[in-house]
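If you want the building blocks of each chain, they are given just below.
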Number of protein chains: 2
Amino acid sequence: MPRWNTVAIVGVGLIGGSVGLALRQRKLAHEIVGIGRRPASLDEALSGGCVTRTATSIARGVAGAQLVVVCTPVELIAQQVAEAAGCCGPETIITDAGSTKAQVVSAADAALLALENGESGGASFVGSHPLAGSDKAGCRHARADLLEGRVVVVTPTERSRAPAVEEIAAFWQALGARVVQMSPADHDAAIARTSHLPHLVAAALAAATPDDLLPLTATGWADTTRIAAGDPDLWRQIFLANAGHTLSALDDFERVLARLRSALEAGDGPQLAELLAEGKRRRDAVGS
Amino acid sequence: MPRWNTVAIVGVGLIGGSVGLALRQRKLAHEIVGIGRRPASLDEALSGGCVTRTATSIARGVAGAQLVVVCTPVELIAQQVAEAAGCCGPETIITDAGSTKAQVVSAADAALLALENGESGGASFVGSHPLAGSDKAGCRHARADLLEGRVVVVTPTERSRAPAVEEIAAFWQALGARVVQMSPADHDAAIARTSHLPHLVAAALAAATPDDLLPLTATGWADTTRIAAGDPDLWRQIFLANAGHTLSALDDFERVLARLRSALEAGDGPQLAELLAEGKRRRDAVGS
C-alpha cells in the first residue's frame, strides 16, 4: 500500500523527474502526475518512467493530490504554489525545490494567506531545497537515487503547520535524503556561501579563460568550472533572489583572495602555504 | 624489444609512478629504476609494479639510463637534473614533469652548461609538463592510463638539441599523451590561467567557507574546491615559481568577478545572464 495516493510534480526536470523516479522505485505513491507546459517534456517524463500521467495545467494536474512538489525555476514557484493551493483542499500539502527560500517562501505564504482570507483553498505550504543540483538539466538526466544521502533543507515559518512540516520532512526522508530544518533567511545566508558563491566564482573563472588556452585545460580547470555549465537563466533568477547574501559571501571570498594575492606579491612562501593549508583542511573535511 | 633499455624516474609519486606503470604496461622499457630518498616509498613503488628496481641515490640510479624523468617538486628539479647529468654521458636525455617551466628550465640549462664547460657530463635536457595533476598524491594513486589522451607540454629552448626534443616528444606520445611544444615563458603564462589561477581560486573558496556550513555543501562546492585538497607545500613552490603570470591571471579573473559583482549589486538580470552565458560557453567548449 503506497504512502501517498497521488503526488503531483510541477516541472519535471532533473529534480522533479528524479523525485518521480524515486517515488516509483520506492513504491511510495499510487499515482505521480507530471505537470508542465510543454507536451514534449511531459511525454519524455512519461516515457522515462518519471511519472504515471501528465497534465498541462496545474488546476487539472493537482486535483486529488495529497502532495504537490513544485520543481520549477525560482521566479515561477510562488505563483505556481498559489495556483496549486487555489485548486486544492486543506488536506493537500505543497512544497517546492527552489535554490533560494526567503523570497519564495514569503511570496507563497502571502498568496496562501490571501486565499484563506478569500475562504478558498486552505492547503499548507512548506518550503524545501534539495541540495542535489547539477550542471545537467532535464528529466533525461533524472536518477532514482539523486536524493539518496543528500541533504534537503526544509524551511518552515511561523505560518507553517507542524503536521505539514513533519509530512514534508518525512517525504524527503522517504526518498533517501537527510532533512535539516532552517529558517528561510538562515538557509539563504548559508547556501549563498556553499552554492551560490561557488557558482559565481566558477562562472568568472570560466569566462576569464581565453578561448585559445582552453586546449591547455586539464582536470583541475574542468572540476573548478564544472558548475559554470549550468543554465544561465536559472542562475540569474537564483542570484537575483539571493543577491544580498551572495554579495556578502563574495566579500568574504575576496578578503581571502586578497590575502593570497598579498602573499604572492610578497613572495611570502610560509603565508602562502598557510592559506593553502587552510583551504585544504576545509576541503578534506568534506571528502570526495 | 623495448624501445628503451633503462629509464630512470626520480621521484616515484603520482606522476612518476604512472609513468613507470605505463612504461611497463606498454613494454617500452627493459628496466625502470625508481629513485627516491625514502626507502618506504621506493618499496611501495616496487611492490605496486611502478618500477623494476630502486635506488636511494641519483648517481647510482641513473647509471646506464638512456632516459631520466625527474618527477619531484619544482624546487628540487633543476638541482636533480644537474646531479643526474653529472653522472650520465652525452647519450642520456633528461626531462622533468614540473608544473612551472621558466625557472626550472633556465636553472637546469645553466647547470648543464656549467657541467659542459667543466668537460663532464654532456647529457641533454628538455623540459616537460604533463597536464595530468590531481589532488591525490603518492604512487598508490598511480595509474597506467593517467597520461592517455592528456596533453604534455614540451618546452625546448635555444640550447635544446633537436634530436633530444624529438625523443622526449616521442617518449610522452609513447605513453599515450598528445604533445604540444611551447617556450617555457609561454607555458608559464598559459598554465597560470588554466591551472595555477584555478588552484588559487579553489583554495580561497574552500578557505572562505565557514566550518559550520560544510555540512551544507553539495556537489557544486565539492567540484569547485576539489583541487584545494592538493599538497600546500607543492603548490607553494609552484606559485612562487610562477608568481608574475599567476598575478596577471588573477587580475583578469578579478575584472570578470567585478563585472558579476556590479550586475548583482545593480540587480541587472540581463547583464548577469550574459556573463553567466559567457562562462557556460567556455565551459561547454571543454566538455566533461
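Residues numbered from 1 in each chain as written. Chains lettered and ligands numbered in written order. Predicted model: local features only at pLDDT ≥ 70, side-chain atom pairs only at ≥ 80, totals over all residues.

**Remarks on helix α5 (residues 102-117) of chain A**
Residue and element names in this part refer to chain A.
For step 1, the next point in the chain: Between its first and last C-alpha atoms α5 spans 22 Å; for 16 residues at 1.5 Å apiece the expected length is 22 Å, and the two agree.
For step 2, the next point in the chain: When α5 is considered as a whole, its buried residues turn out to be Ala102, Val104, Val105, Ala108, Asp109, Ala111 and Leu112.
For step 3, the next point in the chain: Packing partners of the buried residues in α5 comprise α4 (74-86), β5 (93-96), β6 (124-125), β7 (127-130), β8 (151-155) and α7 (184-207).
For step 4, the next point in the chain: Just beyond α5, the residue with positive phi is Glu119, at close to 60 degrees. (Helix = DSSP H or I, 4+ residues; strand = E, 2+ residues; numbered from the N terminus. Expected span 1.5 Å × (residues − 1). Buried ≥ 20, exposed ≤ 12 C-beta atoms within 10 Å, placed from the backbone. Contact = placed C-beta atoms within 7 Å.)

**Some words on the environment of Ala108(A)**
Residue and element names in this part refer to chain A.
For step 1, the next point in the chain: By the element assignment, Ala108 lies in helix α5.
For step 2, the next point in the chain: The class of Ala108 is buried, set by 29 C-beta atoms lying within 10 Å.
For step 3, the next point in the chain: Sequence separation between Ala108 and Gln80 is 28 residues; the distance between their C-alpha atoms is 8.7 Å.
For step 4, the next point in the chain: Leave out the neighbours within four places in its chain, and Ala108 touches Ile77, Ala78, Val81, Ala82 and Phe125.

**Examining the interface of chain A and chain B**
For step 1, the next point in the chain: At the junction of the two partners, chain A supplies 74 residues and chain B supplies 74 residues.
For step 2, the next point in the chain: Looking at the side of chain A that touches chain B, the elements that each hand over two or more residues are α7, α8 (219-225), α9 (232-241), α10 (243-266) and α11 (269-286) of chain A.
For step 3, the next point in the chain: It is α7(A) that contributes the most residues to the side of chain A that touches chain B, 15 residues altogether.
For step 4, the next point in the chain: A breakdown of the residues in the side of chain A that touches chain B according to their chemical character gives 44 nonpolar, 15 polar and 15 charged. (Nonpolar A, V, L, I, M, F, W, Y, C, P; charged D, E, K, R; others polar.)

**Observations concerning the sheet that holds strand β7 (residues 127-130) of chain B**
Residue and element names in this part refer to chain B.
For step 1, the next point in the chain: Strand order across the open sheet formed by 3 strands is β7-β8-β9, with mixed pairing between neighbours. Every other strand in the sheet has two partners, leaving β7 and β9 (178-181) as the edge strands with one partner each. Neighbour-to-neighbour, the strand axes of the sheet open up by a mean angle of 25 degrees, direction not taken into account.
For step 2, the next point in the chain: Where β7 lies against strand β8 (residues 151-155), 4 bridges are found, and the strand directions are antiparallel. For Pro130, the partnering residue across the bridge sits in β8 and is Val152.
For step 3, the next point in the chain: On the sheet, helix α6 (residues 162-174) packs against β7, β8 and β9 and is oriented at approximately 170 degrees with respect to β8. (Pairing = 2+ DSSP bridges. Axes fitted to C-alpha atoms, helices over the stretch in contact; angles between N-to-C directions.)

**Points about the nonpolar core**
For step 1, the next point in the chain: The biggest cluster of nonpolar side chains holds 196 residues, and the ones touching the most others in it are Ile9(A), Val68(A), Val81(A), Ile9(B), Val68(B), Val81(B) and Ala84(B).
For step 2, the next point in the chain: Discounting residues that sit within four places of it in the chain, Val81(B) has contacts with Val70(B), Ile94(B), Asp96(B), Ala108(B), Ala111(B) and Phe125(B). (Core = buried A, V, L, I, M, F, W, Y, C linked by C-beta atoms within 7 Å.)

**A short note on the relation of the copies chain A and chain B**
For step 1, the next point in the chain: Aligned on chain B, chain A shows an RMSD of 0.0 Å; the corresponding rotation is 180 degrees and the shift along the axis is 0.0 Å. What the rotation and shift describe, once combined, is the action of a two-fold rotation axis. When C-alpha distances to the rotation axis are compared across chain A, the minimum falls at Thr224(A), with a value of 1.9 Å.
For step 2, the next point in the chain: Both copies contact each other with a shared surface, as 100% of the interface residues of chain A are interface residues in chain B too. (Least-squares fit on C-alpha atoms with pLDDT ≥ 70 in both.)

**Here we look at the sheet that holds strand β6 (residues 124-125) of chain B**
All names here are of chain B.
For step 1, the next point in the chain: In space, the 6 strands of this open sheet follow the order β3-β2-β1-β4-β5-β6, with parallel pairing throughout. Edge positions in the sheet fall to β3 (53-55) and β6, since each has one partner strand and no second.
For step 2, the next point in the chain: Bridge count between strand β1 (residues 4-10) and strand β4 (residues 67-70): 4 bridges; the pairing is parallel. Residue pairing in the sheet places Val10 in a bridge with Val70 of β4.

**Quick look at the pairing of β4(B)**
Residues and elements named next belong to chain B.
For step 1, the next point in the chain: The two faces of β4 match: Leu67 and Val69 on one face and Val68 and Val70 on the other face are all buried.
For step 2, the next point in the chain: Note that β4 and strand β5 (residues 93-96) share 4 bridges and pair parallel. In the sheet register, Val69 faces β5, and the bridge partner there is Thr95.
For step 3, the next point in the chain: Crossover connection from β4 via helix α4 (residues 74-86) to parallel β5: handedness right-handed. (Right-handed = clockwise from strand over helix to strand, strands pointing away.)

**Describing unusual backbone geometry**
All names here are of chain A.
For step 1, the next point in the chain: Here the phi dihedral of Lys27 falls at roughly 50 degrees; this positive angle occurs in a residue that is not glycine.
For step 2, the next point in the chain: Along the chain, Lys27 falls in the loop between α1 (14-25) and β2 (29-35).
For step 3, the next point in the chain: Given 10 C-beta atoms within a 10 Å radius, Lys27 is considered exposed.

**Notes on the confidence of the model for chain A**
For step 1, the next point in the chain: Per-residue confidence for chain A averages 96 on the pLDDT scale, and 99% of its residues sit at or above 70.
For step 2, the next point in the chain: Under the prediction, the complex receives an ipTM of 0.95, its pTM being 0.95. (pLDDT = per-residue confidence, 0-100.)

**Focus: the packing of α10(A) against helix α10 (residues 243-266) of chain B**
For step 1, the next point in the chain: Relative to each other, α10(A) and α10(B) sit at 165 degrees, their axes nearing to 12 Å. When the axis of α10(A) is compared with that of α10(B), the two are roughly antiparallel. For the crossing formed where α10(A) meets α10(B), the hand is left-handed. When α10(A) is examined against α10(B), the residues Ala243(A), Thr246(A), Leu247(A), Leu250(A), Arg261(A), Leu264(A) and Glu265(A) are found in contact with a partner set consisting of Ala243(B), Thr246(B), Leu247(B), Leu250(B), Arg261(B), Leu264(B) and Glu265(B). (Parallel < 35°, antiparallel > 145°, perpendicular 65-115°, else oblique. Left-handed = near helix turned anticlockwise from the far one by under 90°.)

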